[in-house]
Amino acid sequence: MQVVSPLCTAIETELRLSTLWHLEVQPRNPFQPSSAQASSNTTGTVAPPPIFDPMPFLCLPPLNCLGRIINLKERVEQYLSSTFYALTVVAPHNCHSNTEMRTVALQKWGLMLQDSRLPPHTTHQGVDVLEVVRQLAVFVRRYHYSLSQQVFVEAESDSKHLNTLNITHIANSIRTHGAGIINSTVNFTYQFLVGRFKVFSQFLYDEQIKSRLVKDRKHWMQVQTVTEKWFPFERAEQFNLGIRKLGVNAQGLSYLDQFRELVTHIGNAMGFVRLVRSGSLRCASNTMEFLPALNELKSFEPLCYQHDQDGSDAKLTVSTDTLAAARNLDTVILNLQQTFQKETDFFKILVDVFRKALSTESYRHLKNFHLIIAALAVNFVHHSVTAKDLLNKRSKTGAAFCMDGFAMGIAYLLSVLDQGTAFDAMHWWSGVRRHFISQREKVERQRNSALASGDTKLAETLALTLTRLREQQQEHELLYLTVSSARGFFRNTERHEEEDPSGHDGSTTDEKDSVKSVNGS
């Protein structure tokens, strides 16, 4: 040990001095002994160690020391391999430095060091998913979700760049931390939703909100049987104005604005679950790209045995190490097959667990949630138009271009509360289109009259009003399409509800009106 330990330490020091050249290390003179270097050091700093050449020790043949065979080269290789592995575990960000020292050891002294076998981070790692899961409540507030692109974009940042989180980042994180992060994501999401559903229930239980929803319900039951077949757009606007009169917080948000943000946070959490599921499939797909068809794979363990002609006796034809390697390979391939072909519906799990709890008599006040969606949609459209205007003005506060977490939250809550059919019966999207079409026609007539009378100022004002109506109608159309797409993720979780007694299918009518609106525009 008096020879091996100092030798290993000296070689490790020499490797670090050779590779960490960017650090401030005093130059060493290979033609000057260590005592001379120490005497010439007049700055008072610690003198660098002398240049050490371990080749005379590494070239020695195995030594027989009191009946024990000691191979200095193998001892050094074992020491450096274990040291680099331990350092990579403690500080994964230094794995590239350890890899460079391993390469230098091979080129200078022929030392064959083992790889650390730890998955290092890539240049596309991005936001670490493990930190996102631990701080899910903070993440859903600071990021916006894009349903079509399956990406999260940071809402605000003090720097010139915004962080993003997409499928590639999730796949890299799963490769780093393992597949167990998927179950952790579902568990943390459940705990997050428990707290959000408490706030959700308290808001709808408030007397100011509950009384307005009861009035809207009575009005809707009277209107749909007499004159109209869709929920009035004016009622949703009146609901927004009435709630804003109750007061705003320090940020200027009304109670309905805060409820919209709550729904958006719930939708962002569900979008994150979807993103993690897609990332797990990407990770499994990248791992199995060199394997043949999954259904044609055979087990390697039986190939290690040779059976008699009658098949009664099996003889091992390989070593025990090869047999153990074959078993390990079979286990790895089996895990990949199960991960890739696993059809676990995390949405269904998160829907069923809350549906059973919220279907009790204690939560009867939630039955009118589908009525407040109209007011929430109007509130969201005004917020979305304002955010996109701020984006055009290059504002760093409040600007956004994708906020699909709101649509995801609406779809999830409709599925949990079993109110999808009740919301479709409102024909809300059809009523919105008819409202904007009538408003645009009215403004067009007023503008033509102003132009005919020569009032150019009024005509310009009406032109701006017409532009604003078109923007709002476009945002409502985009919200309708996003909500319809998000509801597709929860089709398997919906119960078989009774058909609408009026005989109309809300979604079908909205789809027809959407086609007409697109063709008309």
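Naming follows an unreviewed UniProt entry, where the protein appears as WASH complex subunit 7 central domain-containing protein of Hyalella azteca.

A. Inspection of a nonpolar patch on the surface at higher detail. Nonpolar side chains collect at one region of the surface, where Val3, Phe57, Leu60 and Leu63 lie side by side and expose about 310 Å² of accessible area between them. Inspection of the secondary structure assignment puts Leu63 in strand β1 (residues 63-65).

B. Summary view of the confidence of the model for the protein. When pLDDT is averaged across the protein, the result is 82; 83% of the residues are at 70 or more. Mean pLDDT across the secondary structure elements of the protein bottoms out at helix α20 (residues 506-520), with 46, and peaks at helix α16 (residues 405-416), with 95. Here residues 34-40 is modelled with pLDDT under 50, and outside its nearest four sequence neighbours on either side it reaches 7 contacts, counting other chains as well. Across residues 514-521 the pLDDT falls below 50, and counting only partners more than four positions away or on other chains, this stretch makes 7 contacts in the model.

C. Highlighting the packing of aromatic side chains. Throughout the structure, instances matching the rule amount to 22 aromatic pairs. Centroid distance Phe197 to Phe200: 6.0 Å. Interplanar angle 85 degrees. Geometry classified as edge-to-face. Here the residue Phe197 and the residue Phe200 both occupy positions in helix α9 (residues 180-205), the gap between them amounting to 3 residues, near one helical turn. Neither residue differs from the other here; Phe197 and Phe200 are each classed as buried. Centre to centre, the rings of Phe380 and Phe406 are 4.6 Å apart; their planes meet at 5 degrees, and the pair counts as stacked. In this pair, Phe380 is assigned in helix α15 (residues 369-392) and Phe406 in helix α16, connecting sequence segments 26 residues apart.

D. Seen up close, the pairing of strand β4 (residues 151-154). Because side chains alternate across β4, one face comprises the buried residues Val151 and Val153, and the other comprises Phe152 and Glu154, equally buried. Both strand β3 (residues 143-146) and β4 contribute to a ladder of 4 bridges, which runs antiparallel. Bridging across to β4, Tyr143 finds its partner in Glu154. Here β4 runs beside strand β5 (residues 164-165); their pairing, made up of 2 bridges, is antiparallel. Opposite Val153, over in β5, you have Thr164 as the bridge partner.

E. Structural context of helix α12 (residues 255-287). Helix length check: α12 (33 residues) gives 48 Å between terminal C-alpha atoms against 48 Å at 1.5 Å per residue, within 8%. With 25 of 33 residues buried, α12 lies mostly within the body of the structure.

F. Fine view of the pattern of salt bridges. Across all of its chains, the model carries 15 salt bridges by this definition. Between Glu131 and Arg134 there is a salt bridge whose closest N-O contact spans 3.5 Å. Pair noted here: Glu131 and Arg134 are both in helix α6 (residues 129-134), with a separation of 3 residues, about one helical turn. We classify Arg134 as exposed; its relative accessible area is 52%. The network of salt bridges with shared partners includes Lys348, Asp352, Arg355 and Asp418.

G. Up close: the environment of Arg141. Note on placement: Arg141 falls in helix α7 (residues 136-142). You can call Arg141 partly exposed: its relative accessible area is 47%. Separated by 124 residues in the primary sequence, Arg141 and His265 place their C-alpha atoms 6.4 Å from one another. The residues touching Arg141, leaving out its near neighbours within four places in the chain, are Arg196 and His265.

H. Inspection of the packing of helix α1 (residues 4-19) against helix α5 (residues 95-109) at higher detail. Orientation of α1 relative to α5, taken along the N-to-C sense of each, is 110 degrees, at an axis distance of 10 Å. On the basis of their axis angle, the class for α1 and α5 is roughly perpendicular. The residues of α5 that touch α1, namely those facing Ile11, Glu14, Leu15, Arg16, Ser18 and Thr19, are Glu100, Met101, Val104, Ala105, Lys108 and Trp109. Its residues assigned to classes, the contact of α1 with α5 shows 6 nonpolar, 2 polar and 4 charged.

I. Representation of the pairing of β3 within the structure. Burial along β3 is two-sided: Tyr143 and Tyr145 and His144 and Ser146, pointing in opposite directions, are all buried. Adjacent in sequence and paired antiparallel, β3 and β4 are bridged by 4 residues, among which Gln150 carries a positive phi angle near 55 degrees.

J. Seen up close, the sheet that holds β5. On the basis of which strands lie adjacent, the open sheet formed by 3 strands has the order β3-β4-β5 and antiparallel pairing. The outermost strands of the open sheet, each flanked by one partner alone, are β3 and β5.

K. How the structure looks around helix α4 (residues 72-90). Between its terminal C-alpha atoms α4 stretches 27 Å, which fits the 27 Å expected from 19 residues at 1.5 Å a residue. Buried residues of α4: Leu72, Val76, Glu77, Leu80, Ser81, Thr83, Phe84 and Thr88, and no others. Where α4 is buried, its residues meet α1, α3 (55-58), β2 (68-70) and α5. If you check the start of α4, you find a side-chain oxygen 3.2 Å away from the backbone N of Lys73, and it comes from Asn71.

What counts, and at which threshold
- Residues numbered from 1 in each chain as written.
- Predicted model: local features only at pLDDT ≥ 70, side-chain atom pairs only at ≥ 80, totals over all residues.
- Heavy atoms only, no water.
- Patch = residues over 30% accessible without salt bridge, like charges linked within 9 Å, V, L, I, M, F, W, Y side chains within 5 Å.
- Areas by Shrake-Rupley, 256 points an atom, 1.4 Å probe, with all protein chains shown as cover.
- Salt bridge = Lys/Arg side-chain N within 4 Å of Asp/Glu carboxyl O.
- Helix = DSSP H or I, 4+ residues; strand = E, 2+ residues; numbered from the N terminus.
- pLDDT = per-residue confidence, 0-100.
- Contact = heavy atoms within 4.5 Å.
- Phe/Tyr/Trp six-rings, centres within 6.5 Å; stacked < 30°, edge-to-face > 60°.
- Buried < 20%, exposed > 50% of the residue type's maximum accessible area, 1.4 Å probe, protein only.
- Pairing = 2+ DSSP bridges.
- Expected span 1.5 Å × (residues − 1).
- Axes fitted to C-alpha atoms, helices over the stretch in contact; angles between N-to-C directions.
- Parallel < 35°, antiparallel > 145°, perpendicular 65-115°, else oblique.
- Nonpolar A, V, L, I, M, F, W, Y, C, P; charged D, E, K, R; others polar.
- Polar contact = N/O pair within 3.5 Å; in protein donor to acceptor, adjacent residues only side chain to side chain.

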